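Examining the three-dimensional arrangement
Here is how the chains run, residue by residue.
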Amino acid sequence: MAKEEFPGWHGTTIIGVRKGGKVVIAGDGQVSLGQTVIKGTARKVRRLSPGGTEVIAGFAGSTADAFTLLERLEKKLEATPGQLARASVELAKDWRTDKYLQKLEAMLIVSDGKELFVITGAGDVLEPEHDVTAIGSGGNYALAAGRAMMETDLDAETIARQAMAIAADICVYTNGNLTVETISQ
């Protein structure tokens, strides 16, 4: 009898949009195991308040790994209040060099209303060039849709919601059950 491989958890699309003095991070609620939807209402976008500084974050990948990274980010923000870029770089550096953290499989989109970053396990802290970024299985679809709408009169939340709807129509690992957080400059 052949050994069956664990099919792995799939499913998440997270988008971050900065426009008109606001940043919106939206995420779908689908978690899939192989070809089966395990949960459709997961909450993958969170509001953090380390040291009284408001930050919103969305994650794609392993939930336990993402929560570990969010906890680390909160500690970095407590050590460097109001300095999201510095805290993000410190997290990425630890993630890249720490033997335990290197095994974590997740990505984050974070914002304090002024800055918007994608943080990866490869040590990257990326700021989007066009004020839109997306991660996860439907991330490329949401990113393309969001970028196409940036030159319209639509606000950040409407762009995020519509881009997520397009991603949900295309990506089987993305649904339309959204969690949306907004933060202003």
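Nothing here was measured: the structure is a model prediction, and the numbers come from that model.

1. Observations concerning the pairing of strand β9 (residues 116–119)
Covered by surrounding structure in β9 are Leu116 and Val118 together with Phe117 and Ile119, the residues of both alternating faces. In terms of strand pairing, strand β8 (residues 106–111) meets β9 through 4 bridges, oriented antiparallel. Bridge assignment links Ile109 to a residue of β9, and that residue is Val118. Counting the residues that bridge the hairpin from β8 to β9 gives 4 residues, and of these Gly113 lies at a positive phi of roughly 100 degrees. Relative to strand β10 (residues 125–126), β9 runs antiparallel, the two being bridged by 2 bridges. Bridging across to β10, Val118 finds its partner in Leu126. Taking the residues between adjacent antiparallel strands as the criterion, β9 and β10 are bridged by 5 residues, where Gly123 takes a positive phi near 90 degrees.

2. Focus on the sheet that holds β10
Ordered in space as β6-β7-β8-β9-β10, the 5 strands form an open sheet in which the pairing is antiparallel. What marks the edges here is a single partner per strand, and that holds for β6 (45–48) and β10. Note that β6 and strand β7 (residues 55–61) share 4 bridges and pair antiparallel. Of the residues in β7, the one forming a bridge with Leu48 is Val55. Packing against the sheet, helix α1 (residues 63–79) makes contact with β6, β7 and β8, and its axis sits at approximately 150 degrees to β7. Lying over the sheet, helix α2 (residues 84–97) contacts β7, β8, β9 and β10, oriented at roughly 5 degrees with respect to β9.

3. Quick word on the sheet that holds strand β11 (residues 132–136)
Two modes of strand pairing occur in sheets, parallel and antiparallel, and in both the strands are linked by backbone hydrogen bonds. Pairing within the open sheet is antiparallel, and its 4 strands lie in the order β11-β2-β3-β12. Single-partner strands in this sheet number two, and they are β11 and β12 (179–184). Each strand axis lies, on average, 10 degrees off the axis of its neighbour in the sheet, ignoring direction. Sheet topology places strand β2 (residues 13–19) next to strand β3 (residues 22–27); 6 bridges connect them, and they run antiparallel. Of the residues in β3, the one forming a bridge with Lys19 is Lys22. Helix α3 (residues 139–149) rests against β2 and β11 of the sheet, and its axis sits at about 165 degrees to β11. Here helix α4 (residues 156–170) sits on the sheet in contact with β2, β3 and β12, set at roughly 155 degrees to β2.

4. A word on the pairing of β11
Burial runs high along β11: 4 of the 5 residues are buried. By the bridge criterion, 5 bridges tie β2 to β11 in an arrangement that is antiparallel. Across the sheet, Ile14 pairs through a bridge with Ile135, a residue of β11.

5. Re a nonpolar patch on the surface
Together, Tyr141, Ile166 and Ile170 make up a nonpolar patch on the protein surface, roughly 260 Å² of accessible area in all. Tracing the chain through its elements places Ile166 in helix α4. By relative accessible area, Ile166 is classed as partly exposed at 37%.

6. Section: the side chain of Glu181
Here Glu181 lies in strand β12. Among the residues examined, Glu181 registers a relative accessible area of 15% and is labelled buried. Only 3.0 Å separates the side chain of Glu181 from the side chain of Arg47, close enough to count as a polar contact. Sequence-distant contacts of Glu181, that is, excluding residues within four places in its chain, are made with Val23, Val24, Ile25, Arg43, Val45, Arg47 and Ile56.

7. Overview of the nonpolar core
Core analysis: the largest hydrophobic core is formed by 21 residues, its most contacted members being Leu69, Leu73, Leu108, Val110 and Ile119. Elements represented by at least two residues in this core include exactly β7, α1, α2, β8 and β9. When near neighbours in sequence (up to four residues on either side) are disregarded, Leu73 contacts Leu48, Ala87, Ser88, Leu91 and Val110.

Reading the values: rules and limits
- Residues numbered from 1 in each chain as written.
- Predicted model: local features only at pLDDT ≥ 70, side-chain atom pairs only at ≥ 80, totals over all residues.
- Heavy atoms only, no water.
- Buried < 20%, exposed > 50% of the residue type's maximum accessible area, 1.4 Å probe, protein only.
- Helix = DSSP H or I, 4+ residues; strand = E, 2+ residues; numbered from the N terminus.
- Pairing = 2+ DSSP bridges.
- Contact = heavy atoms within 4.5 Å.
- Axes fitted to C-alpha atoms, helices over the stretch in contact; angles between N-to-C directions.
- Patch = residues over 30% accessible without salt bridge, like charges linked within 9 Å, V, L, I, M, F, W, Y side chains within 5 Å.
- Areas by Shrake-Rupley, 256 points an atom, 1.4 Å probe, with all protein chains shown as cover.
- Salt bridge = Lys/Arg side-chain N within 4 Å of Asp/Glu carboxyl O.
- Polar contact = N/O pair within 3.5 Å; in protein donor to acceptor, adjacent residues only side chain to side chain.
- Core = buried A, V, L, I, M, F, W, Y, C linked by side-chain atoms within 4.5 Å.

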